[in-house]
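One letter stands for each residue in the lines below.
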Amino acid sequence: MSTTLLYRAFGTVGYRYVRQSFKGGHVTFTIDKPRERLRCSNCGSGDVWVQGGIERSFRAVPIGSKPVILKVKVPRVRCFSCDKVRQVKVGFADPRKHYTRSFESYALDLSRSMTIKDVAAHLQVSWDTIKDIQARSLKRRFGKPNQHKLRQIAIDEIAIGKGHHYLTVVLDLVSGAVVFVGDGKGAEALEPFGRRLRASRAKIRAVATDMGKAYIRAVRDNLPGVVHVFDHFHVIKLFNDKLSALRRELYNQASSDRQRKILKGTRWLLLKNPENLDKDRNERQRLDRALTLNLPLTTAYYLKEDLRQIWSQPNKRTARRVLRDWQARARASGIRMLLQFANTLEEHEEGILGYYDYPISTGPLEGTNTKIQAMKRQGYGFRDRDFYKLKILGIHETKHALVG
Ligand SMILES: [Zn+2]
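Source: prediction; values computed, not measured.

On to the coordination of the zinc ion, then. Protein coordination at the zinc ion: the donors are Cys-40 (SG), Cys-43 (SG), Cys-79 (SG) and Cys-82 (SG), at 2.2 to 2.4 Å from the metal. The site at the zinc ion holds four donor atoms, and with the angles between them running 103 to 118 degrees, its shape is tetrahedral. Linear spacing of the donor residues for the zinc ion on their chain is C-x2-C-x35-C-x2-C. Residue Cys-40 is classed as buried on the basis of its relative accessible area of 4%.

In structure tokens form, the structure reads like this:
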């Protein structure tokens, strides 16, 4: 091995080759730094006197499948310029790390297509070493997202695992990047985000969330003056939930077995968009039979179809008309569930129609959620929560979230 090759392969600038040995399947290169190249790590002066030192080993990129170790004596020097006694800087590795920078970037390259476990096995280091390398890289790149540039964001909570663990995720709708991951859900989870926003003087114009009270409060407190858009998928889903509950109620009240039988299988039919009803399975007919049987269900069903119209109007003015007309019809029905929903829409009118100022939704967070769930299935859970959150901050860069 020559000094030049060593430098090219391992990035050991300023060191020279001393000797090599092969033991226990490892390749070990001993290297050292010529005296004239020693510098004070405090002031950079070359006017130094060696006073001992320590021997250190670093993992370097492997040669073929053979792990490589660099052995180097790191001198301690007294500086005549600043009068400090310090260890000289290693140069090819970060402070307190037992691997070289080129080893680190090689591990990161592998991490793009391999799990932590696989990279660790391939490089013959521990799982924690690879995790540490990934965490440091993620922190460098995503640890402090630039919130000053945020314009449009979406916020939603994501359920983690079978328990009731939640993370609240904030997505930059323009870049598609996750810019904040908070513990839990509700206003509390968003507090650190709000603090950072105020400090960064972000100029956010619009934010999409569901109609949850916590979000309304958090947006009002932290983002005064922004357009708060209530996500239309959540509004429709909320209505669908109420529709299912109404069907269940009617089923329980049904006076005959025949009625019950007709109502029984209609849950999914009620929730389907009418254009998706399956002709071959007579879904339209089965739905119609249930609807004929029950006036309240029929009314609610047609209102469900009309609800979607609120978001497909040419402008905000006609949308407001459609929204209010919907409320009037719901109230005229006299059905309690519809009355309540009309009130909900009335209370949230501005946020629902905010869609016409900024046609945004929390929809893009669904893709992020899918990736987070996939990451969980890789067998990684809460071994290290901060690391998990960092992974989520970098998730828009990964096609497949590899963690386990
Ligand atoms: Zn000095």
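Pairing of strand β3 (residues 48-63) with strand β4 (residues 66-79) involves twelve bridges; the strand directions are antiparallel. Bridge assignment links Gly-53 to a residue of β4, and that residue is Pro-75. Linking β3 to β4, which pair antiparallel, is a turn of two residues; within it Gly-64 sits at a positive phi near 60 degrees.

With that settled, the discussion passes to the packing of helix α4 (residues 127-142) against helix α16 (residues 385-393). The contact between α4 and α16 brings their axes to 9 Å, and the two run at 50 degrees. Looking at the two axes, α4 sits oblique to α16. Crossing angle aside, the handedness with which α4 passes α16 is left-handed. Across the interface between the two elements, Lys-131, Gln-134, Ala-135, Leu-138, Lys-139 and Phe-142 of α4 pack against Phe-387, Leu-390, Lys-391 and Leu-393 of α16. Partitioning the contact of α4 with α16 into residue classes produces six nonpolar, one polar and three charged.

The final tally for this structure, using the stated rule, is two cavities of 30 Å³ or more. As for the largest cavity, its lining consists of Ile-155, Leu-190, Phe-193, Leu-197, Tyr-215, Ala-218, Val-219, Asn-222 and Leu-223. Broken down by secondary-structure element, the contributors of at least two residues to the lining of the largest cavity are α5 (187-200) and α6 (213-222). Examining the composition of the lining of the largest cavity, we find that four residues originate from one element, α6, more than from any other. Within the lining of the largest cavity, the residues separate by chemical class into eight nonpolar, one polar and no charged. When its volume is computed, the second largest cavity comes out at roughly 30 Å³. Within the residue set of the lining of the second largest cavity, elements represented by two or more residues are β3 and α3 (116-123). Tallied by class, the residues present in the lining of the second largest cavity amount to three nonpolar, three polar and one charged.

All right, on to the sheet that holds strand β8 (residues 178-183) then. Pairing is mixed across the open sheet formed by five strands, whose spatial order is β8-β7-β6-β9-β10. If you trace the sheet from one side to the other, it starts and ends with β8 and β10 (227-230), each paired once. For this sheet the average axis-to-axis angle between neighbouring strands, irrespective of direction, equals 20 degrees. For strand β6 (residues 152-160) and strand β9 (residues 206-209), the ladder comprises three bridges, and the chain directions are parallel. From the neighbouring strand, Gln-152 faces β9, where its bridge partner is Ala-206. Strands β6, β7 (165-172), β9 and β10 of the sheet are contacted by α6, whose axis makes an angle of about 165 degrees with β10.

Turning next to the pattern of salt bridges. Here the structure, examined in full by the defined rule, presents 24 salt bridges. Asp-325 is the salt-bridge partner of Arg-329, the closest N and O atoms lying 3.3 Å from each other. Taken together, the positions of Arg-329 and Asp-325, both in helix α12 (residues 316-333) and four residues apart, correspond to about one turn of that helix. When its relative accessible area of 34% is taken as the criterion, Arg-329 is described as partly exposed. Judged by its relative accessible area of 41%, Asp-325 is partly exposed. For Glu-346, the salt bridge is made with Arg-331, and the minimal N-O distance between the two is 2.8 Å. Within this pair, whereas Glu-346 is found in helix α13 (residues 336-347), its partner Arg-331 is found in helix α12, the two being separated by 15 residues in sequence.

Rules behind the numbers
- Residues numbered from 1 in each chain as written.
- Predicted model: local features only at pLDDT ≥ 70, side-chain atom pairs only at ≥ 80, totals over all residues.
- Heavy atoms only, no water.
- Donors = N, O, S within 2.8 Å, 3.2 Å for Na, K, Ca; no water.
- Tetrahedral: all angles 85-135°; square planar, octahedral: opposite > 155°, others 65-115°.
- Buried < 20%, exposed > 50% of the residue type's maximum accessible area, 1.4 Å probe, protein only.
- Pairing = 2+ DSSP bridges.
- Helix = DSSP H or I, 4+ residues; strand = E, 2+ residues; numbered from the N terminus.
- Axes fitted to C-alpha atoms, helices over the stretch in contact; angles between N-to-C directions.
- Parallel < 35°, antiparallel > 145°, perpendicular 65-115°, else oblique.
- Left-handed = near helix turned anticlockwise from the far one by under 90°.
- Contact = heavy atoms within 4.5 Å.
- Nonpolar A, V, L, I, M, F, W, Y, C, P; charged D, E, K, R; others polar.
- 1 Å grid on protein atoms, 1.4 Å probe; cavity = no way out; pocket = protein on both sides within 12 Å on 5 of 7 lines; lining within 4 Å.
- Points joined across faces, edges and corners; volume = space filled by probe spheres on them.
- Salt bridge = Lys/Arg side-chain N within 4 Å of Asp/Glu carboxyl O.

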